[in-house]
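Working through the structure, step by step
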Amino acid sequence: MTQPEILAILPARGGSKGIPRKNIRPFAGYPLIAFGIAAALQAKTVTRVIVSTDDEEIADIARRCGAETPFLRPAELAQDRTADLPVFQHALTWLAENEDYHPEAVVHLHPTSPVRPVGCVDRAVRLLLDHPGADCVRSVVEPIQSPYKMWHIDEREGNLLPLLTLPGVSEPYNTPRQMLPSAYLQTGHVNVVRPATILGGSMTGQIILPIHIDAGYEVDLDTLLDWERGEWWVARKTLDMVWPEEKR
């Protein structure tokens, strides 16, 4: 039986401002993007790994880590507010037009979530392939704080308003957490999406299946403080995580 064509894409633009050059900044001794590339290369289900970037230096490092960079992303798709959707649409369209390449599924790996459990990419891909009616598989963790205990502030009056209501519970924000419904926070560890869903205008579609990630692997690098905490975490925890090469 022929192995399905599964394409992993890592979006990595060069102009990040919160953490300058974050996609190639060293994390735990390796360029950050190397972790996502390693997760894709080590997955048995993934057949091709591409980095979508507008930056020559990032492209060079990505190739040295084992990924392909068949194109440089146009500058208009590498702005501060550029969403993932047009970036992935561009990649799929370019590959179809220039290589007649049409994968069965697309694996989306965020470089800023480098601490991935071994095998999570394969689990996510197989879950999507086993459910033909699903549009997407998305990684999630259980948050420390329930969203039913969260608030927003009324812009006009300045007072607190509950973020969510819960039928049958008058004050969910005063209710013990154990009595509230389970909730899940999406992570950047792995998303697997059907190309038709992306080309149809969505990064998820309507039928989304969860792959559960242990909260111990939830490291999301948005600030320099996140970076320091993340390196501290991986240095002091025994995690069965994907490393770019044999752990030092």
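1. Things to note about the side chain of T53
Mapped onto the fold, T53 is located in the loop between strand 4 (48–52) and helix 2 (56–64). In this structure T53 comes out as buried when scored by relative accessible area, which is 0%. In terms of polar contacts, T53 uses its side chain to reach the backbone carbonyl oxygen of A12, at 2.5 Å.

2. Regarding the layout of surface pockets
Estimates place the volume of the largest pocket at around 460 Å³. Looking at side-chain class alone, the lining of the largest pocket contains six nonpolar, seven polar and seven charged residues. Estimated volume of the second largest pocket: approximately 190 Å³. As for the second largest pocket, its lining consists of 13 residues, and the residues nearest its centre are H110, Q186, T187, G188 and N191. The biggest single contributor to the lining of the second largest pocket is strand 9 (residues 185–193), with four residues.

3. Examining the environment of V87
In this structure, V87 sits in helix 3 (residues 84–99). With residues up to four places along the chain from it excluded, the contact list for V87 reads P11, S52, R73, L77 and T82.

4. With respect to the packing of aromatic side chains
Counted under the stated rule, the structure contains eight aromatic pairs. Residues Y30 and F35 carry aromatic rings whose centres are separated by 5.8 Å and whose planes lie at 90° to one another, so their mutual orientation is edge-to-face. With relative accessibility at 6%, the residue Y30 sits in the buried group. Considering the side-chain rings of F35 and W243, the 5.7 Å spacing of their centres and the 55° angle between planes classify their relative orientation as tilted. In this pair, F35 is assigned in helix 1 (residues 32–42) and W243 in the segment after helix 6 (224–236), connecting sequence segments 208 residues apart. Residue F35 shares its accessibility class with W243, and that shared class is buried. By the ring-pair criterion, three or more aromatic residues cluster together here, those being F27, Y30, F35, W227 and W243. Stacked on the ring of W227, the Lys or Arg R25 has its end atom at 5.2 Å from the ring centre. Sitting over the face of the ring of Y101, R48 holds its NZ or CZ atom 4.7 Å from the ring centroid.

What counts and how
Residues numbered from 1 in each chain as written. Predicted model: local features only at pLDDT ≥ 70, side-chain atom pairs only at ≥ 80, totals over all residues. Heavy atoms only, no water. Helix = DSSP H or I, 4+ residues; strand = E, 2+ residues; numbered from the N terminus. Buried < 20%, exposed > 50% of the residue type's maximum accessible area, 1.4 Å probe, protein only. Polar contact = N/O pair within 3.5 Å; in protein donor to acceptor, adjacent residues only side chain to side chain. 1 Å grid on protein atoms, 1.4 Å probe; cavity = no way out; pocket = protein on both sides within 12 Å on 5 of 7 lines; lining within 4 Å. Points joined across faces, edges and corners; volume = space filled by probe spheres on them. Nonpolar A, V, L, I, M, F, W, Y, C, P; charged D, E, K, R; others polar. Contact = heavy atoms within 4.5 Å. Phe/Tyr/Trp six-rings, centres within 6.5 Å; stacked < 30°, edge-to-face > 60°. Lys NZ or Arg CZ within 6 Å of the ring centre and 35° of its normal.

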